[in-house]
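As a plain string of letters, each chain reads:
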Amino acid sequence: MLLRGSGTAGPWGWLTLLLVACTARASEITFELPDNAKQCFYEEIVQGTKCTLEFQVITGGHYDVDCRLEGPDGAVLYKEMKKQYDSFTFTASRNGTYKFCFSNEFSTFTHKTVYFDFQVGEDPPLFPSENRATALTQMESACVSIHEALKSVIDYQTHFRLREAQGRSRAEDLNSRVAYWSIGEAIILLVVSIGQVFLLKSFFSDKRTTTTRVGS
């Protein structure tokens, strides 16, 4: 799998793409999407290949992003606005370069952290001779079952890590808001207390009166 990225996602996006190129055939990317920015990725797909695009916003704002998937002829295969997470499966109708973009252009000051998993085709069989005429042995069948179970475990771990990261981000944001609100309450309480002191002091202060005598 070879992904090529373009857009205005900043240095983090390009760093992630470099890591993808180094690890070869990686299909999962987490990147930062700044405000008023758009990041696109491209993939060469053969006709008839089944593909799945899954994404989730981990941090930032209301945890939403625009997503758009286009075919080689420019036809829109998938388009969603301000989605927190979603999954879309399609079968390539023709050979060519498919493009999918994530946009944060509707946000003016909040950047997002986006995770996506783009699967192209199905995993190769565990045994190269799995399509042979004879049935699998009991040991081979057990290995295939364990392999499928481990794939499910990996998927669950990925989703749990994403939820944990999203929950931590929400907790840190809530903690910051509570801290600022507490500071504001303390300042207001201090101002009110000082005002009450001066108000009570004005009630008990002696007022001097001046008497003027008029001569006859």
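Residues numbered from 1 in each chain as written. Predicted model: local features only at pLDDT ≥ 70, side-chain atom pairs only at ≥ 80, totals over all residues. Heavy atoms only, no water.

1. Quick notes on the nonpolar core
Then step 1. With 23 residues, the main nonpolar core has F31, F100, F102, F116 and F118 as its most contacted residues.
Then step 2. The dominant element in this core, judged by the number of residues it contributes, is strand β4 (residues 50-59), at four residues.
Then step 3. Once you skip the residues sitting within four places of it in the chain, F102 turns out to touch F31, L33, A37, K38, Q39, F41, F55, V65, D66, C67, V114 and F116. (Core = buried A, V, L, I, M, F, W, Y, C linked by side-chain atoms within 4.5 Å. Buried < 20%, exposed > 50% of the residue type's maximum accessible area, 1.4 Å probe, protein only. Helix = DSSP H or I, 4+ residues; strand = E, 2+ residues; numbered from the N terminus. Contact = heavy atoms within 4.5 Å.)

2. Some remarks on the pattern of salt bridges
Then step 1. Scanning the model with the defined rule gives seven salt bridges in all.
Then step 2. A salt bridge links K112 to D64; its shortest N-O distance comes to 3.1 Å. Of the two residues, K112 is situated in strand β9 (residues 112-120) and D64 in the loop between β4 and β5 (65-70); the sequence distance between them amounts to 48 residues.
Then step 3. Accessibility expressed as a relative area gives 10% for D64, which makes it buried.
Then step 4. The residue D73 makes a salt bridge to R94 at a minimum N-O spacing of 3.9 Å. With a gap of 21 residues between them, D73 in the loop between β5 and β6 (76-83) and R94 in the loop between β7 (85-91) and β8 (96-103) connect regions that are remote in the sequence.
Then step 5. The class of D73 is partly exposed, set by a relative accessible area of 48%.
Then step 6. The partly exposed category is assigned to R94, whose relative accessible area is 41%. (Salt bridge = Lys/Arg side-chain N within 4 Å of Asp/Glu carboxyl O.)

3. Focus on the state of the cysteines
Then step 1. Going through the model one piece at a time under the given rule, you end up with one disulfide.
Then step 2. Note on cysteine connectivity: C40 is disulfide-linked to C101, with sulfurs 2.0 Å apart. For the disulfide bridge between C40 and C101, the dihedral angle about the S-S bond is near 105°, and by the sign convention the bridge is right-handed. Remark: C101 occurs in strand β8 and C40 occurs in strand β3 (residues 38-45); sequence separation between them is 61 residues. Comparing C40 with C101 shows no difference in burial state: the two are buried. (Disulfide = S-S within 2.5 Å.)

4. Side note on the pairing of β6
Then step 1. Bridge count for β5 against β6 is five bridges, and the pairing is antiparallel. For E70, the partnering residue across the bridge sits in β6 and is V76.
Then step 2. Between β5 and β6, which follow one another and run antiparallel, lie five residues, and G74 among them has a positive phi close to 90°. (Pairing = 2+ DSSP bridges.)

5. Here we look at the environment of F118
Then step 1. Here F118 shows up in strand β9.
Then step 2. Overall, F118 belongs to the buried group, its relative accessible area being 0%.
Then step 3. Sequence separation of F118 and E43 is 75 residues, and the distance between their C-alpha atoms is 9.5 Å.

6. Examining unusual backbone geometry
Note: most residues except glycine have negative phi, and most peptide bonds are trans.
Then step 1. At N36, a position not held by glycine, the phi torsion is positive, near 55°.
Then step 2. Here N36 is to be found in the loop between β2 (28-33) and β3.
Then step 3. For N36, a relative accessible area of 45% corresponds to the partly exposed category.
Then step 4. The phi dihedral of K82 falls on the positive side, at around 50°, and the residue is not glycine.
Then step 5. Checked against the element boundaries, K82 lands in strand β6.

7. Quick notes on the pairing of β2
Then step 1. Residues I29, F31 and L33 of β2 are buried on one face, while the alternating residues E28, T30 and E32, pointing to the opposite face, are not.
Then step 2. For β2 and β9, the ladder comprises six bridges, and the chain directions are antiparallel. By the bridge assignment, F31 is partnered in β9 with V114.

8. Digging into the confidence of the model for the protein chain
Then step 1. Here the protein chain averages 80 in pLDDT, while 77% of its residues score no lower than 70.
Then step 2. Taken element by element, the protein chain is modelled with least confidence in helix α1 (residues 10-23), mean pLDDT 38, and with most confidence in β5, mean pLDDT 94.
Then step 3. Here residues 9-26 scores under 50 on pLDDT; set against residues more than four positions off or in separate chains, the count is 20 contacts. (pLDDT = per-residue confidence, 0-100.)

9. A short note on helix α2 (residues 138-204)
Then step 1. Helix length check: α2 (67 residues) gives 97 Å between terminal C-alpha atoms against 99 Å at 1.5 Å per residue, within 8%.
Then step 2. By the burial criterion, the buried members of α2 are E140, V144, T158, L162, A165, Q166 and S169. (Expected span 1.5 Å × (residues − 1).)

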